[in-house]
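Each chain, written out:
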Amino acid sequence: MALTEDDVRGIADYARIALEGDELAEMCAYMNDAVEMLEPILAYNLPDVDPTFHPIGGLSNVMRDDAPDAARAFTIDEALGNAASTRGRSFRVPSILGEEA
Amino acid sequence: MATLDTLTARQIAAGVRDGAFSATEVARAALDAIQARDAEVQAFLQVTPELALEAAARVDAARAAGEPLPPLAGVPLAVKDNMNLAGTRTTCASRMLEHYESPYTATCVARMLDAGCVPVGKANMDEFAFGSSTDSSAFHPTNNPWDTARVPGGSSGGSAAAVAAGEVALALGSDTGGSIRQPASFSGVVGMKPTYGAVSRYGVVAFGSSLDQVGPFGRTVEDVALAMDALVAGGRDPYDSTSQDVPPRFADAVDTDIAGMRVGVIPAFMDADGLTPEVRRAVEGAAHSLEAAGAELVEVELPHLDAAIAAYYVIGPAEAFSNLARFDGIRYGYREPDCATLAAQSSLSRAHGFGAEAKRRQMLGAYLLSSGVYDKYYYAAQKARTLITEDYARAFDRADVLLMPAAPRTAFKHGEISDPTQMYLSDMYTISLNIAGNGGITVPVGLGEESGLPVGAQLVAPAFADERLIAFGAALERACAGAWDAVRGAAAAGEGARFGAPVAPAFAGKGGELA
């Protein structure tokens, strides 16, 4: 079943990408084309085939000592250096819960 | 004295080592070539004369002090702009990261610098590596040096074009679905995607974490082999948990005799819809050249590769959506001003920071990972991945390497392919390797009979047998050397055997004199 503009608006909200003006209709057309292109993959949902999630099998979490890595640790200035808005030692953001919170 | 573009990376390093010229002279020549050529090519987003001259001065000082020089001492290098290099911005050709200052240097870049390379700039790309043309760069397109009305391929189009135009001897690119091998084919240069895990991804902006791989561009297979040795020489990178130990023996493979070895060809690939007759003939010619060099041609099948494009456009966007969720305008990247809430700031920063294709891929990924849809598509794609990997394993029971086109056609014009899903098909011959993880190399084999534009053939090897790509790639380069005689002219005929494909004729010798 084709995705509607309402569906695509919901996906955009989840993806945190505001679609403006003609973008919603264009994105809806693209999404339906792309999903159609993906249809052949549905034939591969085979019960007797195991999925491969990664080209290197047998990966496991790599642990290191729970200690600061002096060579790689950023200073506060480095950590904040690429942020558009900071205050003191912190990143600055607008209200998280909205004005009414 | 000669212009820099007549020398390979190996020859530049040898000349610096022997004192024929200094690394500083080489760096100045490279910067001069960029000055003379890049207004037309537009391969670079940022040129870094200070970093280049500092690095060159260090090489010259080491030589003056009698210290042994590293293997690529003084060789000019372009770095794709999704790789961090301290002292440069890393923009991913996106407004989102237009002002992002690299906080450190990626392992792959650091290893090239450790090998003596001189960084001359950051190369253009499709935004966040989403594309096959480099036209989706937020800043400017890059022009194919063989015909500036055409694209250089993508997403590593700036890296490929910088090498093809003779601005640098080596460049780094990244390949998530063909982004090294396809632009190498369009631009007439050698480009190699090693096996996933062979080269560290630490410090490279992530797109598809199970698909991304870094690799080199050069004008000869030998130069690419030297770059590969530099990239793996430090061993496994502890900062990338997927990186693996790979012995640095690529340059040793250049002179391998391929007589008696088996080259697999896939008949179904040569009859595929969309493959142009000139590319088909060029790749068939490449197969016969390898046969004439003593290799045995065998036919193999890869029956599940029909699923590769669909599997890729499930896995790639899903991983891209997860990776690019970090761009929310808080810690780095574009931030929409004057937003009342964090949610509005995130949505508008992402809406205005990302270009159209970056939004499309993330939207598709968000949909594919949503409840109910995930089970249907994502598991199917990962099962197809199992079958594709098994297909390759069976093929390599019968063949040492496989030979196939790198792209179905030669370079297209800017704007010629506007439908994004049609653009995706230009990766039809490259994408399955990112899914299975094994390596491939594009080697230019001549000019297309109809288009007069470069055609590349792709060699594919089993996982972690990438030195075979160098062995067969060098053999193919030697076998196809005569194809370039008409481009080089009578005086230089026969040089293809030593130098591979020539610099694009419109740019050869333009600036870059080695004073």
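Above this text sits the structure in question.
Just so you know, these numbers come straight off a predicted model, no measurement behind them.

*Asks:* Help me understand the overall build of chain A in this model?
*Replies:* When helices and strands are tallied, chain A shows three helices and two strands. The C-alpha radius of gyration computed for chain A amounts to 22 Å, which surpasses the reference 13 Å derived for 101 residues by more than 25%, pointing to a less compact arrangement than a globule. Taking the principal axes of the C-alpha coordinates as reference, chain A spans close to 50 × 45 × 25 Å. Split into buried and exposed, the 101 residues of chain A put 17% on the buried side.

*Asks:* Please explain the interface of chain B and chain A as it appears in this structure.
*Replies:* By a widespread convention, an interface's size corresponds to the accessible area lost as its parts come together. The interface is formed by 54 residues belonging to chain B together with 45 residues belonging to chain A. Broken down by secondary-structure element, the contributors of at least two residues to the side of chain B that touches chain A are helix 10 (308-324), helix 11 (342-353), helix 12 (356-368), helix 13 (373-398) and helix 14 (420-424) of chain B. Among the residues forming the side of chain B that touches chain A, the class breakdown is 28 nonpolar, 16 polar and ten charged.

*Asks:* Looking at this model, I keep getting lost on the pairing of strand 2 (residues 76-80) of chain B. Mind explaining?
*Replies:* Every regular strand shows the same layout, with side chains that alternate between the two sheet faces. All names here are of chain B. Strand 2 sits mainly inside the fold: five of its five residues count as buried. With burial as the criterion, each face of strand 2 is covered, one bearing P76, A78 and K80 and the other bearing L77 and V79. Relative to strand 3 (residues 118-123), strand 2 is paired through five bridges, and the arrangement is parallel. Of the residues in strand 3, the one forming a bridge with V79 is K122. As for the winding sense of the linkage, the β-α-β connection from strand 2 through helix 4 (residues 107-114) to strand 3 is right-handed. Pairing analysis gives three bridges linking strand 2 to strand 4 (residues 170-175), with the strands arranged parallel. Within strand 4, the position partnered with L77 by the bridge is L170.

*Asks:* Sorry, what's going on with the environment of A253 of chain B here?
*Replies:* Note on placement: A253 of chain B falls in the loop between helix 7 (221-232) and strand 7 (262-265). When sequence neighbours within four positions are dropped, the list of residues in contact with A253 of chain B reads A225, E467, I470 and A471 of chain B.

*Asks:* Whenever I open this one, helix 11 of chain B confuses me. Can you help?
*Replies:* Each turn of an α-helix holds 3.6 residues, which means side chains three or four residues apart point in the same direction. With twelve residues, helix 11 of chain B should cover 16 Å at 1.5 Å per step; its first-to-last C-alpha distance of 16 Å lies within 8% of that length. Those residues of helix 11 of chain B that sit buried are Q345, S346, S347, L348, S349, R350 and G353 of chain B.

*Asks:* Whenever I open this one, the nonpolar core confuses me. Can you help?
*Replies:* Note on soluble globular proteins: their nonpolar side chains tend to be buried together. Ranked by size, the top nonpolar core spans 197 residues in total, and within it I41 of chain A together with L77, A311, V314, L403, L459 and L476 of chain B carry the most contacts. Looking at this core, the element that brings in the most residues is helix 10 of chain B, giving twelve residues.

Definitions and cut-offs
Residues numbered from 1 in each chain as written. Chains lettered and ligands numbered in written order. Predicted model: local features only at pLDDT ≥ 70, side-chain atom pairs only at ≥ 80, totals over all residues. Helix = DSSP H or I, 4+ residues; strand = E, 2+ residues; numbered from the N terminus. Rg over C-alpha atoms; globule rule 2.2 N^0.38 Å. Buried ≥ 20, exposed ≤ 12 C-beta atoms within 10 Å, placed from the backbone. Contact = placed C-beta atoms within 7 Å. Nonpolar A, V, L, I, M, F, W, Y, C, P; charged D, E, K, R; others polar. Pairing = 2+ DSSP bridges. Right-handed = clockwise from strand over helix to strand, strands pointing away. Expected span 1.5 Å × (residues − 1). Core = buried A, V, L, I, M, F, W, Y, C linked by C-beta atoms within 7 Å.

Read these as spatial facts, not as claims about activity.
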